[in-house]
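One letter stands for each residue in the lines below.
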Amino acid sequence: MKKLPFKQSGLVWLWLTLILLIIDQATKTWANSALAPVHGGPIIEVMPHFNLNLAYNYGAAFSFLGDAGGWQRWFFTAIAIGISLLLLFWMWRTESSKKLPNIAMALVLSGAIGNLIDRMVYGYVIDFIDWYVSIDGYHWPTFNIADSVILIGVGLLLIDSFVNPEHKSKPEKDEKK
């Protein structure tokens, strides 16, 4: 693996991480003050099949381990820190000209940090986006902007793995100076 200076590495894409992180935290702050908890209301009906509805997620995706007694907060915090460090390292080792993987990693990093901030500050993740099939029927688990950018980023990484498979199969050699 070659070591790249900051301006030539994927770290130059951290501006995107910062912008999305600010949007995520601003929308969560708004939701936390403007919306009441899930079982109390108010629920803002944006359009058919889409509401804004505050929920606190003590677990991971789909509230996995949400009722585990508290230890999961630190478990998911450690995972988010590890993933964030890994993404920063990976971005540092990726040339800035490789837009698709760098944008994807910047998105995932933004979402991971956004939800990490929630876990560390509140002990839970603030969710507020509620999509559903019918008002009395299936509701997709409530989510937030951070969850959305993680999903988009992972999707872009998958697309990149198919569009640019040569990046994954060729081992890079260290350059000697």
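Report on the accompanying structure. (Residues numbered from 1 in each chain as written. Predicted model: local features only at pLDDT ≥ 70, side-chain atom pairs only at ≥ 80, totals over all residues. Heavy atoms only, no water.)

1. What to know about the packing of aromatic side chains
No. 1: Scanning the entire structure with this criterion turns up six aromatic pairs.
No. 2: Where tyrosine 122 meets tyrosine 124, the ring centres are 5.7 Å apart and the plane angle is 20°; that geometry is what we call stacked.
No. 3: Overall, the relative accessible area of 12% leaves tyrosine 124 in the buried class.
No. 4: Three or more aromatic residues joined by ring pairs make a cluster, and in this case those are Tyr56, Tyr58, Tyr122 and Tyr124. (Phe/Tyr/Trp six-rings, centres within 6.5 Å; stacked < 30°, edge-to-face > 60°. Buried < 20%, exposed > 50% of the residue type's maximum accessible area, 1.4 Å probe, protein only.)

2. A short note on helix H4 (residues 145-163)
No. 1: Between its terminal C-alpha atoms H4 stretches 26 Å, which fits the 27 Å expected from 19 residues at 1.5 Å a residue.
No. 2: Within H4, the full set of buried residues consists of Ala146, Val149, Gly153, Leu156, Leu157 and Asp160. Within H4, the buried residues cover an arc of 105° as seen down the axis, which keeps them to one side. Among the exposed residues of H4, those oriented more than 90 degrees off its buried face are Leu151 and Phe162. (Helix = DSSP H or I, 4+ residues; strand = E, 2+ residues; numbered from the N terminus. Expected span 1.5 Å × (residues − 1). Arc of directions from axis to C-beta.)

3. Topic: the nonpolar core
Side chains of a nonpolar character, in soluble globular proteins, are inclined to be buried together.
No. 1: By size, the foremost hydrophobic cluster in this structure holds 15 residues, and its most contacted members are Leu16, Leu20, Leu87, Met91, Met105 and Leu107.
No. 2: Once residues lying within four places of it in the same chain are set aside, the contact partners of methionine 91 are Ser9, Gly10, Leu11, Trp13, Leu14, Asn102, Met105, Ala106 and Leu109.
No. 3: In this structure, Ala31, Leu35, Leu54 and Ile129 belong to the second largest nonpolar core, which totals ten residues. (Core = buried A, V, L, I, M, F, W, Y, C linked by side-chain atoms within 4.5 Å. Contact = heavy atoms within 4.5 Å.)

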